[in-house]
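Each chain is listed here by its residues.
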Amino acid sequence: MQEQMAIASRIISLLGFPIINNMNYEGDDVLGMISRLSEANNMNCVIVSADHDMYQLITDYTWILDSRVDDIIDIDKMYYNTGLYPNQWVDYKMLLGDQSDNVQGIPNIGKKGATSLLTQYGSLDEVYNHIDELSPAYQAGLLDAKPRLDLLRTLMTIVTDYTKRAKTDTSHKILAEQFKEHTINRVYEAVGGKYGRR
């Protein structure tokens, strides 16, 4: 798999698409970095993903193209779909946890409960500030999770502060040679026929 990824990365780079990666970060974090780098350069950013974790990245300049439903999710569409805003999404994920990553959220609070709490109080900090107003089950879950809140926030927050970019090589001749070397025949005929033959 590692060898295949290296080949794919090389070909994608030769096609003119920049490849940005860092072994210290997950793919979500790299997308977060790209989105904020785009905004800093007055560019819009569209992230193609079906992962709802990306919702926290939505701004006036960054949108999500949900690849499952082929729909653009901006701030208004996100609120229409979820009842929440991007700046509430990390708190929402903290309340729920993430089963796919084996991260336990806050006990006794499901999706409807999490949405209701954030709609009423605005943020998880304010939920804790009004904990005496909540049901005994909610209070118990929130108090149980309180020692883990900093860790939960770190796990649920996408990194956005890294802005290094990779260099790219868009030489069509090298591209054709790469396709030929790795026996990607049909694409080689299309690309190599124009650029790769002498």
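Each value, and the rule that gives it
- Residues numbered from 1 in each chain as written.
- Predicted model: local features only at pLDDT ≥ 70, side-chain atom pairs only at ≥ 80, totals over all residues.
- Heavy atoms only, no water.
- Buried < 20%, exposed > 50% of the residue type's maximum accessible area, 1.4 Å probe, protein only.
- Helix = DSSP H or I, 4+ residues; strand = E, 2+ residues; numbered from the N terminus.
- Contact = heavy atoms within 4.5 Å.
- Pairing = 2+ DSSP bridges.
- Axes fitted to C-alpha atoms, helices over the stretch in contact; angles between N-to-C directions.
- Polar contact = N/O pair within 3.5 Å; in protein donor to acceptor, adjacent residues only side chain to side chain.

Overview of helix α4 (residues 89-96)
By the criterion of burial, α4 is predominantly enclosed, with 7 of the 8 residues buried. Within the span of α4, buried status applies to Trp89, Val90, Asp91, Tyr92, Lys93, Met94 and Leu95. Looking at the packing, one finds that the buried side of α4 touches α3 (75-82), β4 (97-98), α5 (111-121), α6 (124-129), α7 (136-145) and α8 (149-156). Count one or two residues on from α4 and you reach glycine 97, which has phi positive near 80°.

With respect to the sheet that holds strand β1 (residues 45-48)
Reading across the sheet, the 3 strands line up as β1-β2-β3 and stay open at both edges, with mixed pairing between neighbours. A strand with exactly one partner marks an edge of an open sheet, and here the two such strands are β1 and β3 (71-73). In this sheet, neighbouring strand axes are inclined to one another by 30° on average, regardless of whether the strands run parallel or antiparallel. The sheet contact formed by β1 and strand β2 (residues 62-66) spans 4 bridges and is parallel. Across the sheet, the residue bridging to isoleucine 47 is isoleucine 64, located in β2. Lying on the sheet, helix α2 (residues 27-40) is in contact with β1 and β2; it crosses β1 at an angle near 160°.

Side note on the environment of glutamine 120
Mapped onto the elements of the fold, glutamine 120 is located in helix α5. Polar contacts involving the side chain of glutamine 120 include one to the side chain of tyrosine 121, which spans 3.3 Å.

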